[in-house]
Amino acid sequence: MQGLAPSPEEAEALFTGPDGSFRFARWSRPIAPVVFGATDDSVAPLKAAMATVVLAANHRLAETDPELGANLMIFFLTDWAELAEVENMDRLVPDLPALLPRLQAEEADQYRFFRFEEDGSIKAAFVFLRMTGSLAGMPAADLGMEQMLKTMLLWAPGAFAGRSALARVEGRTEAVLRPDLSSLLRAAYDPVLPAASQDPVLAMRLAARAGQLFN
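Residues numbered from 1 in each chain as written. Predicted model: local features only at pLDDT ≥ 70, side-chain atom pairs only at ≥ 80, totals over all residues. Heavy atoms only, no water.

With that out of the way, let us pick up the packing of aromatic side chains. Counted by the stated rule, this structure contains eleven aromatic pairs. Aromatic pair F36 and F75: ring centres 4.8 Å apart, planes at 15°, arrangement stacked. Of the two residues, F36 is situated in strand β2 (residues 33–36) and F75 in strand β3 (residues 72–77); the sequence distance between them amounts to 39 residues. Residue classification places F36 among the partly exposed residues on the basis of a relative accessible area of 36%. Taken together, the ring pairs in this structure connect F36, F75, Y111, F113, F126 and F128 into an aromatic cluster. (Phe/Tyr/Trp six-rings, centres within 6.5 Å; stacked < 30°, edge-to-face > 60°. Helix = DSSP H or I, 4+ residues; strand = E, 2+ residues; numbered from the N terminus. Buried < 20%, exposed > 50% of the residue type's maximum accessible area, 1.4 Å probe, protein only.)

Looking now at the environment of R205. By the element assignment, R205 lies in helix α9 (residues 201–212). For R205, a relative accessible area of 39% puts it in the partly exposed group. Separated by 194 residues in sequence, R205 and A11 place their C-alpha atoms 9.4 Å apart.

For the rest of this paragraph, the subject is the pattern of salt bridges. The tally for this structure, following the rule as stated, stands at eight salt bridges. Ionic pairing is found between E67 and R29, a salt bridge with its closest N-O pair at 3.1 Å. Of this pair, E67 sits in the loop between α2 (40–56) and β3 while R29 sits in the loop between β1 (24–25) and β2, and the two are 38 residues apart along the sequence. E117 is the partner of R29 in a salt bridge, and the nearest nitrogen-oxygen pair spans 2.7 Å. Taken together, the positions of R29 in the loop between β1 and β2 and E117 in the loop between β4 (110–116) and β5 (122–130) put the pair 88 residues apart, joining distant regions of the chain. (Salt bridge = Lys/Arg side-chain N within 4 Å of Asp/Glu carboxyl O.)

The nonpolar side chains of soluble globular proteins are, as a tendency, buried together. Residues F15, L72, L149, M152, L153, W155 and L185 are the most contacted members of the largest nonpolar core, which totals 49 residues. Those elements giving two or more residues to this core turn out to be β1, α2, β3, β5, α7 (140–152), α8 (179–188) and α9. For this core, the leading source of residues is α7, giving six residues. Not counting residues within four places of it along the chain, the set of residues in contact with L185 comprises V53, A57, L149, M152, L153 and L177. (Core = buried A, V, L, I, M, F, W, Y, C linked by side-chain atoms within 4.5 Å. Contact = heavy atoms within 4.5 Å.)

Regular strands show a simple pattern: their side chains alternate between the two faces of the sheet. When you tally the buried positions in β3, you get six out of six residues, the bulk of the element. The two faces of β3 match: L72, I74 and F76 on one face and M73, F75 and L77 on the other face are all buried. As paired strands, β2 and β3 are joined by four bridges and run parallel to one another. In the sheet register, V34 faces β3, and the bridge partner there is M73. In this fold, the crossover linking β2 to β3 by way of α2 has left-handed handedness. By the bridge criterion, six bridges tie β3 to β5 in an arrangement that is parallel. Following the sheet pairing, M73 is matched in β5 by F126. (Pairing = 2+ DSSP bridges. Right-handed = clockwise from strand over helix to strand, strands pointing away.)

Further remarks concern the environment of D95. By the element assignment, D95 lies in the loop between α4 (89–92) and α5 (96–106). For D95, a relative accessible area of 62% gives the class exposed. It is 12 Å that separates the C-alpha atoms of D95 and F113, two residues lying 18 residues apart in sequence.

Printed below as a string of structure tokens:
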């Protein structure tokens, strides 16, 4: 993507899985995040960056969710084996005994999964970050922005393969969201569009709405 808004084909690819199925979902309820395992000095820039992304989507944050307490949980780890040591984590993470060996074998540095409302929109999200390699070297603000973007929508597994979700602007030290993704995110939270859909025609509407933001 080179422009300020994605084409319909680019928008469709961002929500199309390896099996060819299209699946789009956004949050319908305010997001109440909580962070575990981050250093004290990184919590404030992490949360500020996350709030920036939510604001860019024209969505809302909350201190607590009336049903779940926290509906976005972000865990910072040094090794995937730590998950097995956390009390009741097997109740939170589906198929944890089978998942851990796979994450270790793939040398994965992040894993996330979602729970959904009856209408298919996002109800809760759980993000696990193994702080190694490139993740360990990212400023807290950049990391918070990137992870929040990846959690705001049900992106396809390969949506960010080979290209960062962030961009650099000359004269600024901090990163920003890529313009094409920023416009798509804002479009995705337009109330005239459905909160969840498996119809690829929605990609055309997303691209059209994103393009209108710059007209």
